[in-house]
Amino acid sequence: MANISGNQTTSSSVSYVETEIADSLLIYGSAIIIILGTIGNILAIIVFSARPVSSKPTSILMRLLAIFDTLVLYTGLLRYWILATWKYDIRSYSLTTCLVHTYLLYVFVTISVWILVTVTIHRLIVVVVPLKAKTMLTMKSLFITMLALLIFSLTLNLHMLWTVEWHDRRCMPQKSFWWDHVWPKIDLCINALIPFVVLMLCNAVIIWKVHESAKKVTKSSSGVTTKSRLNSMTAMLISVNFVFLICNLPLTVYNLDIFKPNTDHQNAIDWLIWAILNLLMYTNNAANFYIYSISGPRFRGELISLFTCREDSKSTNPSLTDMSTKRNSSNKQHHQSNMNLVDNNYGSIKSGSVEGVDNSGICDTYM
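Residues numbered from 1 in each chain as written. Predicted model: local features only at pLDDT ≥ 70, side-chain atom pairs only at ≥ 80, totals over all residues. Heavy atoms only, no water.

K.L.:
It is not clear to me how the packing of aromatic side chains should be interpreted in this structure. Could you clarify?
P.N.:
Each aromatic ring pair is specified by the distance between its two centres and by the angle formed by the two planes. Here the structure, examined in full by the defined rule, presents nine aromatic pairs. Relative to W183, the ring of Y106 lies with its centre 5.9 Å away and its plane at 55°, an arrangement referred to as tilted. Linking Y106 in helix α3 (residues 95-128) with W183 in helix α7 (residues 177-218), this pair joins segments that are 77 residues apart in sequence. Pair check on accessibility: Y106 and W183 agree, each one buried. Here a set of aromatic residues connected by ring pairs shows up, and it is made of Y106, W178, W179 and W183. (Phe/Tyr/Trp six-rings, centres within 6.5 Å; stacked < 30°, edge-to-face > 60°. Helix = DSSP H or I, 4+ residues; strand = E, 2+ residues; numbered from the N terminus. Buried < 20%, exposed > 50% of the residue type's maximum accessible area, 1.4 Å probe, protein only.)

K.L.:
Sorry, what's going on with empty space enclosed by the protein here?
P.N.:
The method is simple in principle: a probe with the dimensions of a water molecule rolls over the atoms, and the space it marks as empty is what remains. Counted under the stated rule, the structure contains four cavities of 30 Å³ or more. Within this model, the largest cavity holds a volume of roughly 100 Å³. For the largest cavity, the lining is made up of 13 residues, of which D69, S112, V113, N284 and N285 are closest to its centre. Those elements giving two or more residues to the lining of the largest cavity turn out to be α2 (57-86), α3, α8 (223-254) and α9 (264-295). Its residues placed into classes, the lining of the largest cavity shows seven nonpolar, five polar and one charged. If you trace the second largest cavity, you find it lined by N41, A44, F48, M62, L65, A66, D69, N288, F289 and Y292. Looking at the lining of the second largest cavity, the elements that each hand over two or more residues are α1 (17-48), α2 and α9. (1 Å grid on protein atoms, 1.4 Å probe; cavity = no way out; pocket = protein on both sides within 12 Å on 5 of 7 lines; lining within 4 Å. Points joined across faces, edges and corners; volume = space filled by probe spheres on them. Nonpolar A, V, L, I, M, F, W, Y, C, P; charged D, E, K, R; others polar.)

K.L.:
Would you mind going over α3 with me for this structure?
P.N.:
Each α-helix turn comprises 3.6 residues. Residues three or four places apart therefore point the same way. For α3, built from 34 residues, the straight-helix expectation of 50 Å at 1.5 Å per residue is met to within 8% by its first-to-last C-alpha distance of 50 Å. Counting buried positions over the 34 residues of α3 gives 27, a clear majority of the element. (Expected span 1.5 Å × (residues − 1).)

K.L.:
Where do I start with the nonpolar core in this structure?
P.N.:
Nonpolar side chains in soluble globular proteins generally cluster together in the buried interior. Judged by nonpolar contacts, the single largest core of 67 residues is most densely connected at L26, I115, W274 and Y282. Only α1, α2, α3, α5 (139-156), α7, α8, α9 and α10 (297-308) provide two or more residues apiece to this core. In terms of residue count, α3 provides more of this core than any other element does, 15 residues in total. With five residues, the next largest nonpolar core counts L124, C202, I206 and V210 among its residues. (Core = buried A, V, L, I, M, F, W, Y, C linked by side-chain atoms within 4.5 Å.)

K.L.:
Any chance you could explain α2 here in plain terms?
P.N.:
For α2, which comprises 30 residues, the first-to-last C-alpha distance of 42 Å matches the rise-based estimate of 44 Å (1.5 Å per residue) to within 8%. Of all the bends found along α2, the most pronounced is centred on L77 and spans about 30°. With 22 of 30 residues buried, α2 lies mostly within the body of the structure. Downstream of α2 by one or two residues, K87 has phi in the positive range, about 55°. (Bend = angle between axes of the 7 residues up to and from the residue.)

K.L.:
I'm lost on the packing of α3 against α5 in this one. Help?
P.N.:
Any two packed helices are characterised by how steeply their axes cross, that is the angle between the axes, and by the distance between the axes. Two elements in contact, α3 and α5, have axes whose closest approach is 9 Å; the angle formed by their N-to-C orientations is 145°. You can see that α3 and α5 cross each other, and the crossing is right-handed. Residue-level inspection shows Y103, V107, T110, I111, W114, I115 and T118 of α3 in contact with α5, the latter providing T145, M146, L149, L150, F152, S153, L154 and L156. Residue composition of the contact of α3 with α5, by class: eleven nonpolar, four polar and no charged. (Axes fitted to C-alpha atoms, helices over the stretch in contact; angles between N-to-C directions. Left-handed = near helix turned anticlockwise from the far one by under 90°. Contact = heavy atoms within 4.5 Å.)

K.L.:
I'm lost on the pairing of strand β1 (residues 164-167) in this one. Help?
P.N.:
Along any regular strand, the residues point their side chains to alternate faces of the sheet. Alignment of β1 against strand β2 (residues 170-173), held across four bridges, turns out to be antiparallel. Bridged to W166 within β2 is C171. In this structure, the hairpin formed by β1 and β2 is closed by a connection of two residues, where D168 is found at a positive phi of approximately 55°. (Pairing = 2+ DSSP bridges.)

Below is the structure:
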């Protein structure tokens, strides 16, 4: 997480080039991230609100993820943009704004991170136990999961309301053993290490299962097409994890205070490093839409159809309908069924059909 006080600069360090670079990065970099993140998250909400997937649990989770990512940007990064641009910290207004703003930012970050973990676990269930996914991933289970996550996040960060102080119009953590040694390690585990380990393990299983299913399909269909679809899905899964790790872990490790500046110049260097890592962390809250657009063909197709006002080509394109009526060969029908199942159910294939699994379900929102 970002440093709470946000007042890294001092009057003795403003003349250093590192300080000027850091301020410029926060002014222009923050504006770019906020603008692109807002546009991307709004588009993600729109795409995942499109029928028929809008009522699916994972589509709802993706909309919630976009919402909380936006809240993180406007609660956290916007504050630093104002601070760097006008030299005014909104937390300095009063003790109430200091405590409430700090608390809400940490809550939003925790919820955002664990929604991503929840989405990955949902995907894992669809792949490992596809016949039970529809009964396990219900609206009731989603509500219980989100309620538990909300309570957990509110409780975990509740200490902010009494371990953060407002002194000389500055909002900062209290000098205590808790803030120096305990909380940074908890923050590292909850918001970085544990989520990343869970994401990596889940996605490793998903990739393995899809690879195994693809082998079955290639026995009766084109291996080139199957491999292309498999590589597309694999790239998306790895990209999400890679971006999460690169963006979140460095700042969380940095906040362990391994590097302690002793001079004015070191303070300026410290401010520059912090500014870079802080922008990197917030980039994760703005990048999900672009990751899905680049590596998710189905998501990209929905996005294109949104702007071109086209409906699903399967139901609106006469040529495709005519072609489908001419397919009298049972081998071709079997091939088409297998290929669709690989794309929609991540390899949940049983002799060309999957019983009890909604093909427009969870996996559809990603591909």
